[in-house]
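Breakdown of the fold
One letter stands for each residue in the lines below.
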Amino acid sequence: MSNFFAMVNRMKLINRWSLMRNTAKENIAEHSHNVAVIAHALCTIGNTKFGKSYDSERCAVLALYHDLTEVITGDMPTPVKYYNSEIQDVYKDIENAAGERLLSMLPDEFKTDYQPFFEHKEEDQELWKMVKAADKIDALIKCIEESRMGNKEFEIAKEKQIQIVDEIDTDEVKYFIKEFLPAYSLTLDEHTK
């Protein structure tokens, strides 16, 4: 019996933004879906507009699993996770141990297929950069959504996320921000008119 996919299913139980008052809760399953959509879009933009040769589908799958270790570790709040380099190093070790534990839940014949989700391979480095960028964009989108609902709790987080995303120096991200991000501030009626 393998517990791996039952653990994947538990992503819906791990809430994000736990130290902040949210108008809409978000779990890591929802977040991972959003990151996969954005990462796929970034790769598609890179391929179509900038002559890159990203494997968009692989990037989307990497993104789907990018926070899976949090079913074991929980979602560590950013102010704690990045408080200092010592905590960052310890948390990385914890994430690695969680990844090894999850991988051990698979039958041996599948471990090689799922290992890249936990051990970043050299050949996937460019894709992981797109996943990381998509992760930051999704955090900004969450802040935009909360701000639209009048939640002042996210005002400073939104400014910080804008700065973080603006510092990502890739053509794909710049294009996404210019072309697609403004629509996240619109209402449903504005989208459909």
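Residues numbered from 1 in each chain as written. Predicted model: local features only at pLDDT ≥ 70, side-chain atom pairs only at ≥ 80, totals over all residues. Heavy atoms only, no water.

What the chain contains, in helices and strands, is 11 helices and zero strands. Scanning the chain from its N terminus toward the C terminus, one meets helices and strands in the order α-α-α-α-α-α-α-α-α-α-α. Taking 16 Å as the expected radius of gyration for a compact globule of 193 residues, we find that the chain reaches 17 Å, a close match to that expectation. Dimensions of the chain, computed from C-alpha atoms along their principal axes, come out at roughly 50 × 40 × 35 Å. Burial analysis of the chain (193 residues in total) assigns 40% to the buried set. At a minimum sequence separation of 6, the contacts of the chain that also span at least 24 residues come to 69%. Charge centroids of the chain, computed over 24 positive and 35 negative side chains, lie 4 Å from each other. (Helix = DSSP H or I, 4+ residues; strand = E, 2+ residues; numbered from the N terminus. Rg over C-alpha atoms; globule rule 2.2 N^0.38 Å. Buried < 20%, exposed > 50% of the residue type's maximum accessible area, 1.4 Å probe, protein only. Contact = heavy atoms within 4.5 Å. Lys, Arg positive; Asp, Glu negative; His and termini not counted. Charge placed at Lys NZ, Arg CZ, Asp CG, Glu CD.)

If you look at the biggest cluster of nonpolar residues, it comprises 43 residues, and the most contacted ones within it are Phe4, Leu42, Leu68, Val71, Leu102, Val131 and Ile137. Only helix H1 (4-9), helix H2 (28-50), helix H3 (56-64), helix H6 (85-104), helix H8 (125-148) and helix H10 (171-179) provide two or more residues apiece to this core. In terms of residue count, the dominant contributor to this core is H8 (10 residues). Those residues in contact with Val131, other than ones at most four positions away along the chain, are Val35, Ala39, Cys59, Leu62, Ala63 and His66. Within the second largest apolar cluster, five residues are counted, among which are Trp17, Ala139, Cys143 and Phe154. (Core = buried A, V, L, I, M, F, W, Y, C linked by side-chain atoms within 4.5 Å.)

Attention now moves to unusual backbone geometry. Within the chain, Trp17 stands out as a residue other than glycine whose phi angle is a positive 60 degrees. Taking the relative accessible area as the measure of exposure, Trp17 reaches 15% and is therefore buried.

Mapped onto the secondary structure, Lys142 falls in helix H8. Its relative accessible area of 4% is what places Lys142 among the buried residues. Of the polar contacts made by the side chain of Lys142, one reaches the side chain of Glu146; its length is 2.7 Å. Setting aside anything within four residues of it in sequence, one finds Lys142 in contact with Trp17, Asn22, Ala24, Glu26 and Phe154. (Polar contact = N/O pair within 3.5 Å; in protein donor to acceptor, adjacent residues only side chain to side chain.)

The next point concerns the pattern of salt bridges. The final tally for this structure, using the stated rule, is nine salt bridges. Residue Glu172 pairs with Lys52 through a salt bridge whose shortest N-O separation is 2.9 Å. Of this pair, Glu172 sits in helix H10 while Lys52 sits in the loop between H2 and H3, and the two are 120 residues apart along the sequence. The exposure class of Glu172 is buried, given its relative accessible area of 1%. Taking the relative accessible area as the measure of exposure, Lys52 reaches 35% and is therefore partly exposed. Salt-bridge contacts for Glu155 lead to Lys152; the nearest nitrogen and oxygen are separated by 3.7 Å. The exposed category is assigned to Lys152, whose relative accessible area is 62%. (Salt bridge = Lys/Arg side-chain N within 4 Å of Asp/Glu carboxyl O.)

With 23 residues, H2 should reach 33 Å at 1.5 Å per residue; the first-to-last C-alpha distance of 31 Å fits that figure. Of the positions making up H2, those classed as buried are Ile28, His31, Ser32, Val35, Ala36, Ile38, Ala39, Leu42, Cys43, Ile45 and Gly46. In this fold, the buried residues of H2 make contact with H3, helix H4 (70-73), H8 and H10. Put simply, Asn27 is the residue that caps the front of H2, since its side-chain oxygen is 2.9 Å from the backbone nitrogen of Ala29. Looking one or two places after H2, you find Gly51, whose phi comes out positive at around 65 degrees. (Expected span 1.5 Å × (residues − 1).)

Here Asn84 shows up in the loop between helix H5 (78-81) and H6. In terms of polar contacts, Asn84 uses its side chain to reach the backbone amide nitrogen of Glu86, at 3.1 Å.

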